[in-house]
Structures are given as C-alpha cells and as structure tokens.
Amino acid sequence: AQTVTQSQPEMSVQEAETVTLSCTYDTSENNYYLFWYKQPPSRQMILVIRQEAYKQQNATENRFSVNFQKAAKSFSLKISDSQLGDTAMYFCAFMIPTDSWGKLQFGAGTQVVVTP
Amino acid sequence: GAVVSQHPSWVICKSGTSVKIECRSLDFQATTMFWYRQFPKQSLMLMATSNEGSKATYEQGVEKDKFLINHASLTLSTLTVTSAHPEDSSFYICSASGLYNEQFFGPGTRLTVL
C-alpha cells in the first residue's frame, strides 16, 4: 500500500517570502503521479501542480514549483513570493493511474499561514 | 479548467431521514467520480469510487447500504446518506477524473444531522 507523509502540520510565512512544504511517499511502483492541492478556508480543493514520475524535470506553475527526488521519494512544494491568498491547507497526493481508477492517496496536510 | 458542482452546499436534516447529494461535471464527461468525507482540520478520506453504469467500489469500513452511490450518466453521480444520524455529520466532497489523471473537486456539501 502507498503512503504519503507530510511532516509539517503548520507553517507560517511572511508576505513576499518563500516557504517550502515537505512530502514523502512510499511505493514500489514506477509509474505514478504526484499532486499538490490547496484547500483555502472556502474548502474548495484546487489543483496547484502535478508531476509525472517519468519526467525528470521539476514541474512549475507561476510561483509554485516542486523539487521531485524520485530516488528519495520526496516531493516538496516551494511557494515563492507568498501572498495572503496563499493561506490554505496544502495536501500532497499520490496516484497510480492504472490502480483503482486512479484514486488519490492524500497526506495529512500542512496548514500554511501567510502573514502581512 | 474543468468545473465540478455539488448540490446542496449545505443541508440540515433530522436523524433518521435520508439526504441526497448531487455531483455534476459541468463541462466534461467523467466516467469516474470519487466521494470523500472530511472532518475539520483533517485530510480527505475516500469513501467510494463511482463508475458510470456500474456499481460503486467502497473503501474498507464504509457501509455501502448506508452511503448509496449512483452514477447514472457521464456527468452526474449522487450520494445518498440513508437513515442519517448525528455521527454522519461531516463535509462531503466529490471529484471527477480529468483527461490527464488529475481530479477536479466539487465545492463540498456540509451535512448536519440533528
């Protein structure tokens, strides 16, 4: 069974600063996807970024980027130039596309608080 | 991007009654939808996987007779909480699979059972 671990329950960052969220996972599979989802106070889940395991290049979406270390089974998210609207719970998620119709395995989440 | 809607956004019901929650993919067809339950400050817990035209697959520990799932079309899945009790009070979220294996989530439904 796959597991996803987010070891930081909460992180605080000042506006315009950078914060990095950690995520590790455990799997014996070689073909999988990794995601970061954001859940703001509205509780709407929003896809932040996705990474295919077969791609060596780290995914980037504007101010969000990941550091994907496949051998170490690590998938951290960096938020640059933090904005107040980035305050949210961030979930790391793992998926095997050929398993169980692609269900997601979520980590426990990291609460990010951006302060003025 | 793909949009998933849920209705209602919140519902309050009396103990013993049944409640139906609808999940719709508005601008794409979803052969697979997922239903989650989320308690405050916790992660999402997958309840079941819903496939169009077939029976849902429930996660271990989820009572399939209590949480009835129907996926009658490529754009609609419903979750019915039967004979609801206060312990069923929670935030229920659905999602639909997109073309590139990402999941798009509905805004959630807050259920309160009195």
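S.K.: Explain the side chain of Gln38 of chain B to me, using residue names and the numbers behind them.
M.R.: You can see Gln38 of chain B is positioned in strand E4 (residues 32-38). Classification of Gln38 of chain B as buried rests on a relative accessible area of 2%. One polar contact links Gln38 of chain B to Gln39 of chain A, side chain to side chain, over a distance of 2.9 Å. Each residue touching Gln38 of chain B, except ones within four places of it in the same chain, is listed here: Gln39, Arg43 and Phe91 of chain A together with Ser43, Leu44, Ser90, Phe91 and Ile93 of chain B.

S.K.: How would you summarise the packing of aromatic side chains if you had to cite specific residues and measurements?
M.R.: Tallying each qualifying case throughout the model produces 15 aromatic pairs over all chains. Ring centres of Tyr25 of chain A and Tyr32 of chain A lie 5.3 Å apart, and the angle between their planes is 65°; on these two criteria the pair is classed as edge-to-face. In terms of burial, Tyr25 of chain A and Tyr32 of chain A fall into one category: buried. With centroids separated by 5.9 Å and ring planes inclined at 65°, the aromatic side chains of Phe28 of chain B and Phe104 of chain B adopt a geometry described as edge-to-face. Of this pair, Phe28 of chain B sits in the loop between strand E3 (19-25) and E4 while Phe104 of chain B sits in strand E10 (residues 103-105), placing them 76 residues apart in sequence. Taken together, the ring pairs in this structure connect Tyr33, Phe35, Tyr37, Phe91 and Phe106 of chain A together with Tyr36 and Phe105 of chain B into an aromatic cluster. In this structure, Arg43 of chain A packs its charged tip against the face of Phe91 of chain B, placed 4.0 Å from the ring centre.

S.K.: Requested: an account of the interface of chain A and chain B, with residues and values cited.
M.R.: Of the residues lining the interface, 21 residues belong to chain A; the matching set on chain B comes to 25 residues. For the pair chain A and chain B, the summed buried area comes to about 1,800 Å², and 53% of that belongs to carbon and sulfur atoms. For Glu59 of chain B, the salt bridge goes to Lys103 of chain A, with nearest N and O atoms at 3.1 Å. Elements represented by at least two residues in the side of chain A that touches chain B include exactly strand E5 (33-39), strand E6 (46-52), strand E10 (88-95) and strand E11 (104-106) of chain A. Of all the elements, E5 of chain A adds the most residues to the side of chain A that touches chain B, at 4 residues. A per-class count over the side of chain A that touches chain B returns 13 nonpolar, 5 polar and 3 charged.

S.K.: Give me the state of the cysteines: which residues, what numbers.
M.R.: Residues and elements named next belong to chain B. By the definition in use, this model includes 2 disulfides over all chains. Two residues, Cys23 and Cys94, share a disulfide whose sulfurs are 2.0 Å apart. The chirality of the disulfide connecting Cys23 with Cys94 is right-handed, given an S-S dihedral of about 80°. Separated by 71 residues along the polypeptide, Cys23 in strand E3 and Cys94 in strand E9 (residues 90-97) bring together distant segments of the chain. We classify Cys23 as buried; its relative accessible area is 0%. With no disulfide of its own, Cys13 lies closest to Cys94 among cysteine sulfurs, the gap being 18 Å.

S.K.: Tell me about the nonpolar core, and name the residues and values.
M.R.: Tyr25, Tyr32, Trp36, Phe75, Leu77 and Tyr90 of chain A are the most contacted members of the largest nonpolar core, which totals 26 residues. Counting residues per element, the ones that place at least two in this core are strand E3 (19-21), E5, E6, strand E8 (64-69), strand E9 (74-79), E10 and strand E12 (110-115) of chain A. Among the elements that take part in this core, E10 of chain A stands out by supplying 4 residues, more than any other. Once residues within four sequence positions are removed from consideration, Tyr25 of chain A is found in contact with Thr3, Val4, Tyr32, Leu34, Phe68, Gln69, Lys70, Lys73, Ser74, Phe75 and Phe94 of chain A. With 24 residues, the next largest nonpolar core counts Ile21, Met47, Cys94 and Leu111 of chain B among its residues.

S.K.: Pulling in residues and values, what's your account of the sheet that holds strand E7 (residues 67-73) of chain B?
M.R.: Residues and elements named next belong to chain B. Read across the open sheet, the 4 strands follow the order E1-E3-E8-E7; overall the sheet is antiparallel. Looking along the sheet, the strands with just one partner apiece sit at the ends: strand E1 (4-7) and E7. Strand after strand, the sheet turns through a mean of 15° between neighbouring axes, direction not considered. As judged from the 6 bridges shared by E3 and strand E8 (residues 76-81), these two strands associate in the antiparallel manner. Within E8, the residue paired with Ile21 across the bridge is Leu79.

What counts, and at which threshold
Residues numbered from 1 in each chain as written. Chains lettered and ligands numbered in written order. Predicted model: local features only at pLDDT ≥ 70, side-chain atom pairs only at ≥ 80, totals over all residues. Heavy atoms only, no water. Helix = DSSP H or I, 4+ residues; strand = E, 2+ residues; numbered from the N terminus. Buried < 20%, exposed > 50% of the residue type's maximum accessible area, 1.4 Å probe, protein only. Polar contact = N/O pair within 3.5 Å; in protein donor to acceptor, adjacent residues only side chain to side chain. Contact = heavy atoms within 4.5 Å. Phe/Tyr/Trp six-rings, centres within 6.5 Å; stacked < 30°, edge-to-face > 60°. Lys NZ or Arg CZ within 6 Å of the ring centre and 35° of its normal. Buried area = accessible area lost by both parts, 1.4 Å probe. Salt bridge = Lys/Arg side-chain N within 4 Å of Asp/Glu carboxyl O. Nonpolar A, V, L, I, M, F, W, Y, C, P; charged D, E, K, R; others polar. Disulfide = S-S within 2.5 Å. Core = buried A, V, L, I, M, F, W, Y, C linked by side-chain atoms within 4.5 Å. Pairing = 2+ DSSP bridges. Axes fitted to C-alpha atoms, helices over the stretch in contact; angles between N-to-C directions.

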